[in-house]
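# Topology and contacts: notes
Listed below, chain by chain, are the residues.
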Amino acid sequence: MGKNREIGINFNNTYKLPNWILPEDISRFLKKTENHPVIIGRKTLEAILSQTKDRCPYPNRLNIVLTRNKNYKYVQGIFYVRSFNDAINEAKKRMPNKDIYILGGAEVYKYFLDIADILDITKVNGTFNEANVFFPKINWSNWILIEDKKGVEKIESVDGLGKDIIQSHVYRFMVYKRKK
Ligand SMILES: NC(=O)c1ccc[n+]([C@@H]2O[C@H](COP(=O)([O-])OP(=O)(O)OC[C@H]3O[C@@H](n4cnc5c(N)ncnc54)[C@H](OP(=O)(O)O)[C@@H]3O)[C@@H](O)[C@H]2O)c1
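Residues numbered from 1 in each chain as written. Predicted model: local features only at pLDDT ≥ 70, side-chain atom pairs only at ≥ 80, totals over all residues.

In this section: the sheet that holds strand S8 (residues 133–134). Strand order in the open sheet made by the 3 strands is S2-S1-S8, with antiparallel pairing throughout. The outermost strands of the open sheet, each flanked by one partner alone, are strand S2 (14–16) and S8. The pairing of strand S1 (residues 6–11) with S2 spans 3 bridges and is antiparallel. Within S2, the position partnered with Ile-9 by the bridge is Lys-16. Strand contacts of helix H2 (residues 42–50): S1 and S2, with the helix running at about 75° to S2, the strand carrying the most contacts. (Pairing = 2+ DSSP bridges. Helix = DSSP H or I, 4+ residues; strand = E, 2+ residues; numbered from the N terminus. Contact = placed C-beta atoms within 7 Å. Axes fitted to C-alpha atoms, helices over the stretch in contact; angles between N-to-C directions.)

Burial analysis of strand S4 (residues 62–66) places 5 of its 5 residues in the buried class, the great majority of the element. Judged by which residues are buried, S4 turns out to be covered on both faces: Leu-62, Ile-64 and Leu-66 on one side and Asn-63 and Val-65 on the other are all buried. Relative to S4, strand S3 (residues 37–41) runs parallel, the two sharing 5 bridges. Its bridge partner lying in S4, Val-38 is registered against Asn-63. (Buried ≥ 20, exposed ≤ 12 C-beta atoms within 10 Å, placed from the backbone.)

Residues in close proximity to the ligand total 27 residues, the closest being Gly-8, Gly-41, Thr-44, Gly-104 and Gly-105. Secondary-structure elements contributing two or more residues to the shell around the ligand are S1, S2, H2 and helix H4 (106–112). Taken together, the residues of the shell around the ligand break down into 12 nonpolar, 9 polar and 6 charged. (Near = placed C-beta within 6 Å. Nonpolar A, V, L, I, M, F, W, Y, C, P; charged D, E, K, R; others polar.)

With that out of the way, let us pick up the nonpolar core. Grouped together as the largest cluster of nonpolar side chains are 25 residues, with contacts concentrated most on Ile-39, Ile-40, Ile-64, Ala-91 and Ile-102. Counting residues per element, the ones that place at least two in this core are S3, H2, S4, helix H3 (84–94), strand S6 (101–102) and H4. For this core, the element with the highest residue contribution is S4, accounting for 4 residues. Discounting chain neighbours no more than four positions away, the residues touching Ile-102 are Ile-39, Val-108, Tyr-109, Phe-112 and Ala-116. (Core = buried A, V, L, I, M, F, W, Y, C linked by C-beta atoms within 7 Å.)

This paragraph deals with unusual backbone geometry. Residue Gly-105 is bonded to the preceding Gly-104 through a cis peptide linkage, with omega at 5°. Mapping Gly-105 onto the fold places it in the loop between S6 and H4. Even without glycine at this site, Asn-97 takes up a positive phi of about 60°. A tally of 5 C-beta atoms within 10 Å means that Asn-97 is categorised as exposed.

For H2, the full list of buried residues reads Lys-43, Thr-44, Leu-45, Glu-46, Ala-47 and Ile-48. Those residues of H2 that are buried lie in contact with S1, S2, S3 and S4.

With that out of the way, let us pick up the sheet that holds strand S5 (residues 78–81). Across the sheet, which stays open at both edges, the 4 strands sit in the order S5-S4-S3-S6 with parallel pairing between neighbours. The open sheet has two free edges, formed respectively by S5 and S6, since each of these has just one partner strand. The pairing of S3 with S6 spans 2 bridges and is classified as parallel. Bridging from a neighbouring strand, Ile-39 pairs with Ile-102 of S6. Each of S3 and S4 is contacted by H2, which is oriented at about 100° to S3, the strand it contacts most.

Take the environment of Lys-43 next. Of note, Lys-43 is situated in helix H2. Classification of Lys-43 by C-beta neighbours within 10 Å gives buried; the count is 21. Taking C-alpha positions, Lys-43 is 22 Å from Ser-27, a pair spaced 16 residues apart along the chain. Every residue in contact with Lys-43, bar those within four places of it in the chain, is listed here: Asn-10, Tyr-15 and Gly-105.

See the structure below:
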(Lines give C-alpha, C1' and ligand atoms only; values in the text may rest on other atoms or scores of the structure.)
Protein backbone atom coordinates (compact mmCIF):
# COMPACT_ATOMS: atom_id res chain seq x y z
CA MET A 1 0.00 0.00 0.00
CA GLY A 2 1.04 3.61 -0.51
CA LYS A 3 1.53 6.18 2.25
CA ASN A 4 -2.19 6.99 2.21
CA ARG A 5 -3.19 3.31 2.21
CA GLU A 6 -3.65 3.38 -1.57
CA ILE A 7 -4.04 -0.11 -3.04
CA GLY A 8 -5.92 0.15 -6.32
CA ILE A 9 -7.59 2.00 -9.14
CA ASN A 10 -11.15 1.10 -10.11
CA PHE A 11 -12.43 2.90 -13.18
CA ASN A 12 -15.27 2.07 -15.59
CA ASN A 13 -15.43 -1.55 -14.43
CA THR A 14 -11.70 -2.04 -14.84
CA TYR A 15 -9.47 -2.70 -11.88
CA LYS A 16 -5.74 -2.31 -11.43
CA LEU A 17 -2.91 -1.63 -9.00
CA PRO A 18 -1.51 1.87 -8.52
CA ASN A 19 1.41 2.76 -10.74
CA TRP A 20 4.16 0.85 -9.00
CA ILE A 21 6.33 -1.99 -10.25
CA LEU A 22 7.87 -4.10 -7.49
CA PRO A 23 9.28 -7.40 -8.79
CA GLU A 24 10.74 -8.30 -5.36
CA ASP A 25 7.31 -7.86 -3.82
CA ILE A 26 5.77 -10.15 -6.42
CA SER A 27 8.37 -12.89 -6.02
CA ARG A 28 8.08 -12.71 -2.21
CA PHE A 29 4.32 -12.95 -2.52
CA LEU A 30 4.51 -15.92 -4.91
CA LYS A 31 6.94 -17.75 -2.63
CA LYS A 32 4.81 -17.25 0.48
CA THR A 33 1.50 -18.24 -1.06
CA GLU A 34 2.63 -21.29 -3.08
CA ASN A 35 0.61 -24.39 -2.14
CA HIS A 36 -1.72 -22.39 0.06
CA PRO A 37 -5.33 -21.33 -0.28
CA VAL A 38 -5.77 -17.72 -1.44
CA ILE A 39 -9.03 -15.77 -1.09
CA ILE A 40 -9.69 -13.12 -3.72
CA GLY A 41 -12.50 -10.61 -4.32
CA ARG A 42 -14.05 -10.70 -7.80
CA LYS A 43 -12.71 -7.25 -8.73
CA THR A 44 -9.19 -8.21 -7.66
CA LEU A 45 -9.49 -11.38 -9.75
CA GLU A 46 -10.27 -9.18 -12.75
CA ALA A 47 -7.30 -6.92 -11.94
CA ILE A 48 -5.01 -9.98 -11.83
CA LEU A 49 -6.38 -11.51 -15.02
CA SER A 50 -6.00 -8.22 -16.89
CA GLN A 51 -2.28 -8.31 -16.15
CA THR A 52 -1.52 -11.88 -17.11
CA LYS A 53 -1.87 -14.06 -20.17
CA ASP A 54 -2.79 -17.00 -17.91
CA ARG A 55 -6.46 -17.72 -17.50
CA CYS A 56 -6.08 -18.94 -13.93
CA PRO A 57 -4.88 -16.28 -11.49
CA TYR A 58 -2.23 -18.22 -9.58
CA PRO A 59 -1.21 -21.78 -10.47
CA ASN A 60 -0.15 -24.07 -7.58
CA ARG A 61 -2.52 -22.37 -5.19
CA LEU A 62 -6.11 -23.01 -4.23
CA ASN A 63 -7.76 -19.96 -5.81
CA ILE A 64 -11.01 -19.08 -4.03
CA VAL A 65 -12.94 -16.15 -5.49
CA LEU A 66 -15.79 -14.29 -3.80
CA THR A 67 -18.72 -13.18 -5.93
CA ARG A 68 -22.44 -12.87 -5.30
CA ASN A 69 -23.08 -13.27 -9.03
CA LYS A 70 -24.21 -16.83 -9.72
CA ASN A 71 -23.69 -16.31 -13.46
CA TYR A 72 -20.17 -15.02 -13.18
CA LYS A 73 -18.02 -16.18 -16.10
CA TYR A 74 -16.27 -19.43 -15.36
CA VAL A 75 -12.51 -19.40 -15.18
CA GLN A 76 -10.85 -22.81 -14.95
CA GLY A 77 -9.00 -23.57 -11.76
CA ILE A 78 -11.06 -21.27 -9.53
CA PHE A 79 -13.48 -22.15 -6.76
CA TYR A 80 -16.26 -19.59 -6.55
CA VAL A 81 -17.92 -18.88 -3.22
CA ARG A 82 -20.80 -16.62 -2.19
CA SER A 83 -19.82 -15.61 1.34
CA PHE A 84 -16.82 -15.04 3.59
CA ASN A 85 -17.74 -18.11 5.64
CA ASP A 86 -17.89 -20.26 2.53
CA ALA A 87 -14.48 -18.96 1.50
CA ILE A 88 -12.92 -20.00 4.80
CA ASN A 89 -14.75 -23.36 4.84
CA GLU A 90 -13.67 -24.15 1.29
CA ALA A 91 -10.05 -23.33 2.14
CA LYS A 92 -10.08 -25.48 5.29
CA LYS A 93 -11.83 -28.38 3.57
CA ARG A 94 -9.56 -28.51 0.52
CA MET A 95 -6.27 -27.60 2.19
CA PRO A 96 -6.54 -28.47 5.88
CA ASN A 97 -3.98 -27.00 8.30
CA LYS A 98 -2.58 -24.53 5.78
CA ASP A 99 -2.35 -20.80 6.41
CA ILE A 100 -4.99 -19.01 4.35
CA TYR A 101 -3.88 -15.88 2.50
CA ILE A 102 -6.34 -13.04 1.89
CA LEU A 103 -5.37 -11.25 -1.32
CA GLY A 104 -7.91 -8.41 -1.18
CA GLY A 105 -9.17 -6.03 -2.40
CA ALA A 106 -10.44 -3.45 0.01
CA GLU A 107 -13.91 -4.94 0.49
CA VAL A 108 -12.45 -8.33 1.30
CA TYR A 109 -9.64 -6.97 3.49
CA LYS A 110 -12.21 -5.01 5.51
CA TYR A 111 -13.98 -8.17 6.62
CA PHE A 112 -10.87 -10.25 7.28
CA LEU A 113 -9.03 -7.47 9.14
CA ASP A 114 -11.16 -8.30 12.18
CA ILE A 115 -10.21 -11.98 12.22
CA ALA A 116 -6.76 -12.24 10.62
CA ASP A 117 -3.82 -13.40 12.77
CA ILE A 118 -1.13 -11.76 10.64
CA LEU A 119 -0.92 -8.58 8.58
CA ASP A 120 1.77 -8.80 5.93
CA ILE A 121 2.02 -5.39 4.33
CA THR A 122 4.35 -3.99 1.71
CA LYS A 123 4.44 -0.27 2.50
CA VAL A 124 5.52 1.79 -0.48
CA ASN A 125 6.97 5.15 0.50
CA GLY A 126 5.05 7.21 -2.01
CA THR A 127 1.64 8.68 -2.68
CA PHE A 128 -0.46 7.61 -5.63
CA ASN A 129 -3.02 10.25 -6.56
CA GLU A 130 -4.66 8.14 -9.21
CA ALA A 131 -5.70 5.52 -6.62
CA ASN A 132 -9.31 5.38 -5.45
CA VAL A 133 -9.25 2.10 -3.52
CA PHE A 134 -7.71 2.09 -0.05
CA PHE A 135 -6.74 -0.49 2.54
CA PRO A 136 -9.13 -0.15 5.51
CA LYS A 137 -8.02 1.84 8.54
CA ILE A 138 -5.99 -0.30 10.91
CA ASN A 139 -6.26 -0.06 14.69
CA TRP A 140 -2.52 -0.36 15.36
CA SER A 141 -3.03 -0.99 19.08
CA ASN A 142 -4.22 -4.50 18.10
CA TRP A 143 -0.98 -5.37 16.29
CA ILE A 144 2.65 -5.94 17.12
CA LEU A 145 5.42 -5.59 14.53
CA ILE A 146 7.36 -8.85 14.14
CA GLU A 147 9.30 -8.26 10.89
CA ASP A 148 10.52 -5.16 9.08
CA LYS A 149 12.70 -5.41 5.99
CA LYS A 150 13.64 -2.46 3.86
CA GLY A 151 14.05 -2.58 0.10
CA VAL A 152 14.65 -0.16 -2.71
CA GLU A 153 13.46 -1.08 -6.12
CA LYS A 154 14.91 0.55 -9.17
CA ILE A 155 13.40 -0.34 -12.50
CA GLU A 156 15.77 0.73 -15.22
CA SER A 157 15.32 1.12 -18.93
CA VAL A 158 18.31 1.26 -21.18
CA ASP A 159 18.23 3.47 -24.21
CA GLY A 160 20.86 4.17 -26.83
CA LEU A 161 22.49 6.72 -24.57
CA GLY A 162 22.81 4.59 -21.45
CA LYS A 163 20.77 3.80 -18.37
CA ASP A 164 17.70 5.74 -17.47
CA ILE A 165 15.89 5.03 -14.21
CA ILE A 166 12.19 5.13 -14.90
CA GLN A 167 10.90 4.09 -11.48
CA SER A 168 12.39 4.08 -8.04
CA HIS A 169 10.45 3.11 -4.93
CA VAL A 170 11.54 2.72 -1.37
CA TYR A 171 9.37 0.19 0.39
CA ARG A 172 9.28 -1.98 3.49
CA PHE A 173 7.98 -5.46 4.06
CA MET A 174 6.24 -5.15 7.41
CA VAL A 175 4.68 -8.11 9.18
CA TYR A 176 2.41 -7.66 12.20
CA LYS A 177 0.94 -10.22 14.54
CA ARG A 178 -2.38 -9.75 16.33
CA LYS A 179 -1.89 -9.08 20.04
CA LYS A 180 -3.41 -11.73 22.30
N1 LIG B 1 -2.20 -3.26 -3.66
C2 LIG B 1 -2.62 -4.48 -3.36
O3 LIG B 1 -1.93 -5.23 -2.71
C4 LIG B 1 -3.97 -4.93 -3.83
C5 LIG B 1 -4.42 -6.20 -3.47
C6 LIG B 1 -5.67 -6.60 -3.91
C7 LIG B 1 -6.45 -5.76 -4.70
N8 LIG B 1 -5.99 -4.54 -5.04
C9 LIG B 1 -6.82 -3.62 -5.84
O10 LIG B 1 -8.07 -3.43 -5.16
C11 LIG B 1 -9.08 -3.16 -6.12
C12 LIG B 1 -10.27 -4.08 -5.90
O13 LIG B 1 -10.74 -3.95 -4.56
P14 LIG B 1 -12.29 -3.73 -4.27
O15 LIG B 1 -12.47 -3.48 -2.82
O16 LIG B 1 -12.84 -2.71 -5.22
O17 LIG B 1 -12.93 -5.11 -4.72
P18 LIG B 1 -12.63 -6.64 -4.23
O19 LIG B 1 -12.60 -6.68 -2.73
O20 LIG B 1 -11.48 -7.18 -4.97
O21 LIG B 1 -13.91 -7.39 -4.79
C22 LIG B 1 -15.18 -6.99 -4.37
C23 LIG B 1 -16.17 -8.01 -4.89
O24 LIG B 1 -16.02 -9.25 -4.18
C25 LIG B 1 -17.29 -9.86 -4.03
N26 LIG B 1 -17.62 -9.92 -2.60
C27 LIG B 1 -17.23 -9.08 -1.63
N28 LIG B 1 -17.75 -9.47 -0.44
C29 LIG B 1 -18.47 -10.59 -0.68
C30 LIG B 1 -19.23 -11.47 0.14
N31 LIG B 1 -19.36 -11.28 1.47
N32 LIG B 1 -19.82 -12.52 -0.42
C33 LIG B 1 -19.71 -12.75 -1.77
N34 LIG B 1 -18.99 -11.95 -2.60
C35 LIG B 1 -18.39 -10.89 -2.07
C36 LIG B 1 -18.29 -8.99 -4.79
O37 LIG B 1 -18.26 -9.47 -6.14
P38 LIG B 1 -19.53 -9.35 -7.12
O39 LIG B 1 -19.68 -7.89 -7.40
O40 LIG B 1 -19.14 -10.15 -8.31
O41 LIG B 1 -20.70 -9.93 -6.38
C42 LIG B 1 -17.63 -7.63 -4.71
O43 LIG B 1 -18.07 -6.72 -5.70
C44 LIG B 1 -8.43 -3.32 -7.49
O45 LIG B 1 -8.09 -2.05 -7.99
C46 LIG B 1 -7.20 -4.14 -7.21
O47 LIG B 1 -6.16 -3.89 -8.15
C48 LIG B 1 -4.76 -4.11 -4.61
